[in-house]
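An overview of the molecular structure
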Amino acid sequence: MLYKSPILMAAASPALLAKGCVNVLEISALKEYAGERWPRICEGVYARLETLLRAKLGQNDLFVRISDVAYLITMPTTDPDDVNAICLRVSFDLHVSFLGQCNLDQMQVSTVSNGDDDTLVLHRLPPARVISLAERAGIAIQPQAQPDKSGSAADLIECSVPSSSGKNLRTSGVLSNAMAALPEGAVKVEHVFTQIWSVLSRAITTYACEPKTIFVPPRIDPVPFKLLQPKERIEVEIAAFKMGADQLTKAYATDSRFLLAVPISFDVLGSPAGRMECLSLCHSLSYAIRPFLIFTIYGIPPGVGQTRLANLVNTLRPFARSISATISPDSRSYQAFHAYEGIGLHAVGFNLREFSPQSPFTQHDAEQLSRFSRQFNFGSFLFNVESKAILKFALDAQIQSLSGSVIAPACGEPQGVWRLTWGEVLAQPVVELWG
């Protein structure tokens, strides 16, 4: 139980408590483990924990230390289950960073409710709840056997933890980072850079790092992105983001500037594990290159709520020049576009890979996109244009940014900004996407 102070009354207001977006993360297990050393190491623990929180929380979230072993975390725009999962992941990462492992009972996360008078009541997440949230948090656990009547849930957990020698150690009662538990190089990706043409500037100004082929051992044939497991999708998208950022950093150092489009799917960004991985990488980027980043959220489902989309946009906003978003092929009615209004997007458009042969992209779609973007002062784009017919639709509708094999073939590394006119685009033959 906590007594409300003025800061707690704001961070844990009745409205926020009712939404279920307030948690308390305790670190008493670390204090108990440290014993008499706690006064000497506690400031280092606080610094590490706050670094983890800043890396994984969005700009609308806040945290405050409320005792020597507890932090209150408030995430107003996040689903309650996601708040729980993010706090569990922070607790897990903290214990692993100091102890090399994390037992189930060390992850002490509580939900918060109003008590009598000016008090807050903590409700510790039980072991069964922690286990059910583990995958959502990006933590791999493996139940081993059925418990007897005297057994506890903590006795049932056994995971693979990679050792420094590369071999897997079997450790009872330990949780493992799902990504780290994968053998080194488990998912191998070949990347290419798609060139994006700014029609208004008459130049290739932007590059997007994308996976060309994906290999998931033990399979020896490439695996399509849509068939990957959720954890593999996160790994592939974050790897592409990192490679693109590395190329941008290298180009910035040599004054060879370009814009980097960072495609990130709605499913990956919308999952706690994917969002945490993305935010961790964002926080690690130099402030110098952030003005050259353009995030594009793609794979947005039809009928997505405006609040949900706005939350994802706000998550990325501090780290980029601008945010763009694709429109689902199943949301091509003009009225459906209005979920994209007023949430801070710079441009909207279609990724033509999301269209099916049964419902292809049409001139009407291009005109609807152009009309909507002009009315609300958005930029407009079409990605992965593969035919001259669709190119003609884009020309007639005055779409502002285009990519695809009929524009310019993908390349192994960004080639910097270079001039390209409509005449040159219309005159060149259609080539294979990967050139």
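All of the points below concern the structure found in this document. (Residues numbered from 1 in each chain as written. Predicted model: local features only at pLDDT ≥ 70, side-chain atom pairs only at ≥ 80, totals over all residues. Heavy atoms only, no water.)

Regarding the overall build of the protein
When you go through the protein residue by residue, the secondary structure sums to 14 helices and 20 strands. Residue burial in the protein is summarised as follows: out of 435 residues, 51% are buried. When the accessible surface of the protein is totalled, it reaches about 20,200 Å², and 54% of it is carbon and sulfur. (Helix = DSSP H or I, 4+ residues; strand = E, 2+ residues; numbered from the N terminus. Buried < 20%, exposed > 50% of the residue type's maximum accessible area, 1.4 Å probe, protein only. Areas by Shrake-Rupley, 256 points an atom, 1.4 Å probe, with all protein chains shown as cover.)

With respect to the packing of helix α4 (residues 38-56) against helix α5 (residues 80-99)
Describing two packed helices takes the angle between their axes plus the distance from one axis to the other. Where α4 meets α5, the axes come as close as 10 Å, and the angle between the chain directions of the two elements is 140 degrees. In this view, α4 runs oblique relative to α5, as classed from their interaxial angle. Where α4 crosses over α5, the handedness of that crossing is right-handed. Along its contact with α4, which presents Gly44, Val45, Arg48, Leu49, Leu52, Leu53 and Lys56, the element α5 presents Ile86, Arg89, Val90, Asp93, Leu94, Ser97 and Phe98. Taken together, the residues that form the contact of α4 with α5 break down as eight nonpolar, two polar and four charged. (Axes fitted to C-alpha atoms, helices over the stretch in contact; angles between N-to-C directions. Parallel < 35°, antiparallel > 145°, perpendicular 65-115°, else oblique. Left-handed = near helix turned anticlockwise from the far one by under 90°. Contact = heavy atoms within 4.5 Å. Nonpolar A, V, L, I, M, F, W, Y, C, P; charged D, E, K, R; others polar.)

Digging into the nonpolar core
Counting 74 residues, the largest nonpolar core has Phe295, Tyr340, Leu382, Leu402 and Ile407 as its most contacted members. The element contributing the most residues to this core is helix α8 (residues 230-253), with seven residues. Residues in contact with isoleucine 407, not counting those within four places in the same chain, are Trp197, Ile204, Leu391, Leu402, Leu420, Val425 and Gln428. (Core = buried A, V, L, I, M, F, W, Y, C linked by side-chain atoms within 4.5 Å.)

Focus on α4
For α4, spanning 19 residues, the distance from its first C-alpha to its last is 26 Å, which sits close to the expected 27 Å at 1.5 Å a residue. Along α4, the positions that sit buried rather than exposed are Trp38, Cys42, Val45, Tyr46, Leu49, Leu52, Leu53, Ala55 and Lys56. Where α4 is buried, its residues touch β2 (22-26), α3 (28-34), β3 (62-67), β4 (70-74), α5 and α10 (272-284). (Expected span 1.5 Å × (residues − 1).)

Notes on the pattern of salt bridges
For the coordinates displayed, the defined rule picks out 11 salt bridges. Ionic pairing is found between aspartate 81 and arginine 129, a salt bridge with its closest N-O pair at 2.4 Å. Linking aspartate 81 in helix α5 with arginine 129 in helix α6 (residues 127-133), this pair joins segments that are 48 residues apart in sequence. Assessed through its relative accessible area of 30%, aspartate 81 is described here as partly exposed. Between lysine 392 and aspartate 396 there is a salt bridge; the shortest N-O distance is 2.9 Å. Placement of the pair is lysine 392 and aspartate 396 together in helix α13 (residues 388-397), with a separation of four residues, close to one helical turn. One continuous salt-bridge network, built from bridges that share partners, spans Lys56, Arg89, Asp93 and Glu277. (Salt bridge = Lys/Arg side-chain N within 4 Å of Asp/Glu carboxyl O.)

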